[in-house]
Amino acid sequence: MQKTFSVSELITVFVLAVIAIFVVPCLNSMVPQTSFFYISDFAINLWGKYLCYAILAMTVDLLWGYTGLLSLGQRLYFALGGYMMGMYLMRMIGSLGQYHMPIPDFLVFLGWTRLPTFWKPFDSFPFALLMMVLLPGFLSLVFGFLAFRSRIRGVYFSILTQALTYAACLLFFRNNILMGGNNGFTDFKFMLGHDTRTASTQRGLYIASAFFLLIVYLGFKWLTGTKLGKVQRAIRDSENRVLFSGYAAANFKLFIFVVAGVVAGLAGALYVPQVGIINPGEMATDQSLEAVVWVAVGGRGTLIGPIIGAVFVNVIKSWATRAYPDYWPIILGGMFLLVVLFLPGGLVGLFGHCVNLVKHSTKKPDLTAEINAEVEAEPAAPVAAAATATGTHNPSE
Amino acid sequence: MTKSDPFRAFRSLRSLSSFFLVLLLALPAFAEDTAATGQLLCKAIVSEGDEQLKLVAALADTNSDLVRKVLVAWPNDGVYLIDPGNGAKLPVMLEDAQDADGKQKAVRIDTGDYLKDASGKPEAFFANDLDSVDCDLRLKKAIKNTLDLMTLNDPDPETRRSAVMKLGMSQNPAYVPILQARIPKEANHMVQDALNDAIAIIQLKNPDPTIQIPAIQKLGARTLIASRDVLTDVVNDKTSTPDEVKAAQQSLSLIDGHIGRVDFFGTLFRGLSLGSILLVVALGLAITFGLMGVINMAHGELIAVGAYTCYVVENVFHSGLWLSPFGLSFHIPGLNLGGWQFQTYFIFAIPAAFIMAALVGILLEVSVIRFLYRRPLESLLATWGVSLILQQSFHLVFGAANVQVDSPSWLSGNFTVSDVILGYNRLFVIGFAIVIVFLTWLLLTKTPLGLLIRAVMQNRNMAACMGVRTERVNMLTFAFGSGLAGLAGAFLSQIGNVGPNLGQNYIVDCFMTVVVGGVGNLFGTVYSALGIGTVDEILQQVFGSPVVGKITVLVCIILFLQWRPSGLFATKGRGLES
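What you see is a predicted model, and the numbers here were worked out from it, not measured in a lab. (Residues numbered from 1 in each chain as written. Chains lettered and ligands numbered in written order. Predicted model: local features only at pLDDT ≥ 70, side-chain atom pairs only at ≥ 80, totals over all residues.)

Peer 1: An account of the overall build of chain B is requested, with residue identities and associated values reported.
Peer 2: Scanning chain B from terminus to terminus reveals 22 helices and 9 strands. What you see for chain B is a C-alpha radius of gyration of 33 Å, clearly larger than the 25 Å of a compact globule of 578 residues, by over 25%. Principal-axis analysis of the C-alpha atoms gives chain B an extent of 105 × 70 × 50 Å. (Helix = DSSP H or I, 4+ residues; strand = E, 2+ residues; numbered from the N terminus. Rg over C-alpha atoms; globule rule 2.2 N^0.38 Å.)

Listed below in structure tokens is the structure:
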């Protein structure tokens, strides 16, 4: 294994981070609106959303691309974190709601006159923050423990995560769990004393999202470079061999699953104040699958892939849902189909292929070069190789 | 308000006109009725006071359609008195058809002929110009009683039975002799029982304990659910003696026990039918997922293909269908069938749904799944892409709104066995599921194709070495699994609306059913579908909410898989990966 961080990569990450965290907000707040370089408040808000999606996509990739666990319920943890943030934001509305009562509007609507007990601690942001970590963490711990203990793997794991998400989605649609029911939470006003509807707060949230994305990127980069990361990939490639080598694969998987759940929850918490609403639709089963699409399109098994994929798909989505609202699901489905069938490495893999092609064409076409090229091409498409290895019923084994 | 008033007027006008339509249809029957009945009616109409009430009550014995029609029309101001010129008052009814002036011809009640003028031509009148026969509250009540008693003579036993029970529930002692008189005349056992029950219910009001207590006990022994309220009244009645209260309580406990059993069997039956729906829906998946190992997320959409095929077939049998997909617009002509010919559409829709879904399945297999047999996780993702595309295509072709498929008449309705209501459509799905499972079993075990399918599923490479064309077998197996999904869709179209997202509601349940049953084992799917269906129905009863029931079932399934990770019937193998 090479060093975790190569110099060129560090420089690229640094430059991109500086652009995302400093340059873009400055272009929004300091450049006059008439300027070519001006970035509108709307765009800042939109990109803040994309970055949250990118974090979610990275957690999907950490599970799928690095550990071989295709979770179809990652959006559930995202939404749970969002709900915890939503509860805090609902409390911050105070008496400014439609009914001018000191409790959230939907509770008034349901006939409550005082705050239910479990809502009370959400007046405090530190508690809400704790819950954003604990609730997704706890759920992923319990579910992961049960699933990995009984060696539910591969497709069965995917189906079960989907069933859990479906059950949770049905649960949150109900009014009597006092989490806003169908409409969820919306109409947020203040967060940590700042008005969430102002451009400056939104800019702050965007910077927080970009910063969190950077931390997650570096953290995952470090994590996958450690020995744990190696075991993780070994589990992906052949879980049985890992087991026979004396590793408790279930514990490794559980750890990764909980980390992914917590990070997704925090991303959801950052996402909610930016979009201004959280409802059970966020945890619908197809939402989780969409996050998987981002990873597949971007290129799984790489850390930059999910970021590219999430941003790329969502930019197209923002455009297509306005330009061709009727055809967007067909575009998304078709894109997915093409990527799965013809582009297992995603955009990153495609880029790798292109680089190789360029290298080929500059060299002389002699026999040794071709052999070399093939040897070189191998590491360029590890994902494709890994993909065929994952979950394959290899009769020789 | 200004808007609603004319609307209401229109509605009452409509009900009035439909009422006259009934009269019009009945007119030919006039001639058949004897003139004597007509005379009796006329006498009742023109007389007054208690005399009139008596005459109206006497009409109950006539058992004539004419009497029924006139008595229905009377309280609705549909019977008129006309002075034909000689000072006598002649009761008439007006024909529904109006001439150019809006006048209606009058029909004499006594003879059934048109009222004619001097020249022998039928006379026509404006309804507003005529005096309708008055009908006070007492008379209305008497007419209603007479009509109720007349329904006791209705040719339909079910109508007779409900009429008897209605009389019983009124607890009017005056009916006892009438009902008792009916018992020997009644040929139908069901109606005879109802007559006895009704008499017993009326006797509960009897102050004489020697009559009342046996009546109470009889109702308890008959476990008549309808009598629960009246028995409770006896218990709560302060004038009841302790003996009566005791007897009533005993009867009530008997009835409550019966209700408990009825609920139990009703739940069991609904659970079985829900399980059968699950089974029909999941069986196709059990083949594509369980046997072939293909995670087909588009399975739900194949179900929708079947349901929409049913919708199209129904419309072809009816008046045709306009479709406007992708900006185009074309018309599928209809056969304009009616009556029983239209009712047969479902028989044609079933194979059509199977074939359409199988064709879509073949297309899917050839274009996508063929390349992903060795990558199950990716087949999951690719088929999800397909499912998105198909869903949106339904959306574009058939519209976003749900469409309604009318059930053939032989699938609607129900019958009761010992108070347990059995719906025909629920019975049908149970039978349907049995037939499908049987046919699938036959296909897999008794046909050459089934042999090949099993061979390829057990060991693809070995089968290929033996000369089996595995690609073709895969395609046919997938087509068969998809066709089963289409059948499920055809059935689902009969019990609910059909929409683009129809399949999404079932896909998670489908996968759960197959996983719980044990992947690769069709009979495991049968057991798990019936089990999940019954448990779901019971939990729905316990929690009183379908959603909570469903959530609990999903959580139970997750926990169940802790105990048996590979389902009820695990396919035994020596490989670690399997």
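Peer 1: Which residues make up the overall build of chain A, and what values go with them?
Peer 2: Check the secondary structure of chain A and you find 16 helices and 4 strands. Looking at chain A as a whole, 44% of its 397 residues are labelled buried. Partitioning the contacts of chain A with sequence separation of at least 6, the portion at a separation of at least 24 is 77%. (Buried ≥ 20, exposed ≤ 12 C-beta atoms within 10 Å, placed from the backbone. Contact = placed C-beta atoms within 7 Å.)

Peer 1: Give a detailed account of the packing of helix α7 (residues 199–225) of chain A against helix α10 (residues 249–275) of chain A, specifying residues and quantitative values.
Peer 2: Two quantities define a packed helix pair, namely the angle between the helix axes and the distance between the axes. Residue and element names in this part refer to chain A. Contact geometry of α7 with α10 gives a least axis separation of 9 Å together with a crossing angle of 165 degrees. Classed by the angle they form, the pair α7 and α10 counts as roughly antiparallel. Along this stretch, α7 crosses α10, giving a crossing that reads as left-handed. Listed contacts from α10 to Gln202, Leu205, Ala208, Ser209, Phe212 and Val216 of α7 are Val263, Leu266, Leu270, Pro273 and Gln274. Residues of the contact of α7 with α10, tallied by class, amount to 8 nonpolar, 3 polar and no charged. (Axes fitted to C-alpha atoms, helices over the stretch in contact; angles between N-to-C directions. Parallel < 35°, antiparallel > 145°, perpendicular 65-115°, else oblique. Left-handed = near helix turned anticlockwise from the far one by under 90°. Nonpolar A, V, L, I, M, F, W, Y, C, P; charged D, E, K, R; others polar.)

Peer 1: Kindly report on the interface of chain A and chain B, identifying the contributing residues and their values.
Peer 2: Chain A puts 42 residues into the contact, and the matching count from chain B is 37 residues. Secondary-structure elements contributing two or more residues to the side of chain A that touches chain B are α6 (154–172), α11 (285–298), α13 (328–342) and α16 (382–389) of chain A. When residues of the side of chain A that touches chain B are assigned to their parent elements, the largest contribution, 13 residues, is made by α6(A). Within the side of chain A that touches chain B, the residues separate by chemical class into 25 nonpolar, 13 polar and 4 charged.

Peer 1: Mind laying out the environment of A:Leu27, listing which residues take part and the relevant values?
Peer 2: Residues and elements named next belong to chain A. By secondary structure assignment, the location of Leu27 is in helix α1 (residues 7–29). Take Leu27: there are 17 C-beta atoms within 10 Å of it, and that puts it in the partly exposed class. A sequence separation of 191 residues divides Leu27 from Leu218, and the C-alpha atoms of the two residues are 25 Å apart. When residues no more than four places from it in sequence are discounted, the contact partners of Leu27 are Phe37, Tyr38 and Ile39.

Peer 1: Can you explain unusual backbone geometry? Please cite residues and give values.
Peer 2: One can expect most non-glycine residues to show negative phi and most peptide bonds to be in trans. Residue and element names in this part refer to chain A. Of note, Arg151 is a non-glycine position whose phi angle comes to about 55 degrees, a positive value. Here Arg151 shows up in the loop between α5 (125–149) and α6. If you check the backbone angles, Leu192 has positive phi at about 50 degrees while not being a glycine. Note that Leu192 resides in the loop between β2 (190–191) and β3 (194–195). The class of Leu192 is exposed, set by 11 C-beta atoms lying within 10 Å.

Peer 1: Quick one: what's the story with the packing of helix α20 (residues 504–517) of chain B against helix α21 (residues 522–543) of chain B, residue by residue and with numbers?
Peer 2: Residue and element names in this part refer to chain B. Between α20 and α21, whose axes approach to 7 Å, the crossing angle comes to 120 degrees. Classed by the angle they form, the pair α20 and α21 counts as oblique. Along this stretch, α20 crosses α21, giving a crossing that reads as right-handed. Residue-level inspection shows Thr513, Val514, Val516 and Gly517 of α20 in contact with α21, the latter providing Gly524, Thr525, Tyr527, Ser528, Ala529 and Ile532.

Peer 1: Describe the sheet that holds strand β3 (residues 104–108) of chain B, naming the residues involved and giving the relevant values.
Peer 2: Residues and elements named next belong to chain B. A sheet is described by the order of its strands in space; here 5 strands give the open sequence β4-β3-β2-β1-β5, paired in antiparallel fashion. In the strand order of this sheet, the two ends are held by β4 (124–125) and β5 (131–132), each with one partner. Across 4 bridges, the pairing between strand β1 (residues 79–82) and strand β2 (residues 90–98) is antiparallel. Looking at the pairing, Tyr80 lines up with Val92 of β2. (Pairing = 2+ DSSP bridges.)

Peer 1: So what's going on with the environment of B:Ile347? Residues and values would help.
Peer 2: Of note, B:Ile347 is situated in helix α14 (residues 345–367). Along the sequence, B:Ile347 and B:Cys310 sit 37 residues apart, while their C-alpha atoms lie 9.9 Å from each other.

Peer 1: Lay out the pairing of β1(B) in plain terms, naming residues and giving numbers.
Peer 2: Of the pairings in the sheet, the one linking β1(B) to β5(B) comprises 2 bridges and is antiparallel in character. When the sheet's bridge partners are listed, B:Tyr80 is paired in β5(B) with B:Ser132.

Peer 1: Go over the environment of B:Val526, please, and point to the residues and values.
Peer 2: Residues and elements named next belong to chain B. Mapped onto the elements, Val526 comes out in helix α21. Exposure remark for Val526: the 23 C-beta atoms within 10 Å place this residue in the buried category. For the pair Val526 and Leu328, spaced 198 residues apart in sequence, the C-alpha to C-alpha distance is 43 Å. Not counting residues within four places of it along the chain, the set of residues in contact with Val526 comprises Leu279 and Val437.

Peer 1: Describe the nonpolar core, listing the residues and the values that go with them.
Peer 2: Counting residues in each nonpolar core, the largest one holds 192 residues, and the members touching the most others are A:Ala57 and B:Val280. Ranked by residues supplied to this core, first place goes to helix α2 (residues 41–67) of chain A with 16 residues. Apart from residues no more than four positions distant in its own chain, B:Val280 is found in contact with B:Val429, B:Phe432, B:Ala433, B:Ile436, B:Leu487, B:Ala488 and B:Phe491. Formed by 52 residues, the second largest nonpolar core is a distinct cluster that contains B:Val79, B:Ala163, B:Leu179 and B:Ile202. (Core = buried A, V, L, I, M, F, W, Y, C linked by C-beta atoms within 7 Å.)

Peer 1: Account for the confidence of the model for chain B, naming residues and giving values.
Peer 2: Residues and elements named next belong to chain B. Residues with a pLDDT of 70 or more make up 90% of chain B, whose mean pLDDT is 78. Mean pLDDT across the secondary structure elements of chain B bottoms out at helix α1 (residues 4–32), with 47, and peaks at α14, with 92. This stretch, residues 1–16, has a pLDDT under 50; its non-local contacts, to residues over four places away or in other chains, come to 0 contacts. Counting interchain partners and residues more than four positions distant, the pLDDT-below-50 stretch residues 19–32 has 20 contacts. (pLDDT = per-residue confidence, 0-100.)

Peer 1: If you had to explain the pairing of β2(B) to someone new, which residues and values would you point to?
Peer 2: All names here are of chain B. Pairing of β2 with β3 involves 4 bridges; the strand directions are antiparallel. Each residue of the ladder has a partner; that of Val92, found in β3, is Arg108. Between β2 and β3, which pair antiparallel in sequence order, lie 5 residues; one of them, Gly102, sits at a positive phi of approximately 90 degrees.

Peer 1: Tell me about the confidence of the model for chain A, and please be specific about residues and values.
Peer 2: Residues and elements named next belong to chain A. Per-residue pLDDT for chain A has a mean of 84; in total, 90% of the residues score no lower than 70. Looking at the elements of chain A, mean pLDDT is at its lowest for α16, recorded as 42, and at its highest for α10, recorded as 94. Across residues 368–397, where pLDDT falls below 50, the model places 41 contacts with residues more than four positions away in sequence or in other chains.

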